[in-house]
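# Architecture and fold: a report
Each chain, letter by letter, is given below.
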Amino acid sequence: MKEATIKKKKLPQSRADKIINVVIYGIIILVLVAILYPLWLVVIASVSSSSAVMRGEVWIVPKEFSLTGYERIFSYTRLWNGYLNTRCRRLMHCRKRNFTAGNFLLVCSCSPCSLMEV
């Protein structure tokens, strides 16, 4: 037996349908740009020199590439202390509640203080 193949026929679009499609796609593109450009700007500003950012030279591509901001953040010990506190509090929270082995393994694998007695 031959299987019947169904051919999809596109309905003809009127001029109004085409205009509405263009407007809808235009709105979608504007919303995407409004959401994605600020995120992109944060990324390129983070790898540009602070003086170029302050002068307003960073718009689309990074200027004067620099990772000094990341070096300063990752060498800041209070940041890591805060991360350690967060992981320990999460572990204590999990110990108070009923949790699955998967949750426990996730917390233990991420937490440097997971072996501490709470």
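Structure: see above.
Description of the structure in this document. Keep in mind that what you see is a predicted model, and the values were worked out from it rather than measured.

Conventions used here
- For every chain, the first residue of the written sequence is number 1, and numbering continues from 1 onward in sequence order.
- Predicted model: local features are reported for residues with pLDDT of at least 70 only, side-chain atom pairs are reported and counted for 80 or more only, and whole-chain, interface and lining totals are derived from all residues.
- Only hydrogens and water are set aside when side-chain values are computed; all heavy atoms of the structure are taken into account.
- Strands are runs of DSSP state E lasting at least two residues, helices are runs of H or I lasting at least four, and both sets are numbered from the N terminus onward.
- Using a 1.4 Å probe on the protein chains alone, a residue whose accessible area is under 20% of its type maximum counts as buried, one over 50% counts as exposed, and one in between counts as partly exposed.
- Between Lys or Arg on one side and Asp or Glu on the other, a salt bridge is scored when a side-chain nitrogen of the former is within 4 Å of a carboxyl oxygen of the latter.

## With respect to the environment of Val 43
Along the chain, Val 43 falls in helix H1 (residues 15-46). A residue is classified by how much of its surface remains accessible, and Val 43, at 44% relative accessible area, is partly exposed. Between the alpha carbons of Val 43 and Val 61 there is a distance of 9.7 Å; along the sequence they are 18 residues apart.

## Some details on the pattern of salt bridges
With the rule as written, the count across this model stands at two salt bridges. Between Glu 57 and Arg 55 there is a salt bridge; the shortest N-O distance is 2.9 Å. Under the relative-accessibility criterion, Arg 55 is labelled partly exposed at 46%. A salt bridge links Glu 64 to Arg 55, with the nearest nitrogen and oxygen atoms 2.8 Å apart. Classification of Glu 64 as partly exposed rests on a relative accessible area of 44%. Through salt bridges with shared partners, a single network forms among Arg 55, Glu 57 and Glu 64.

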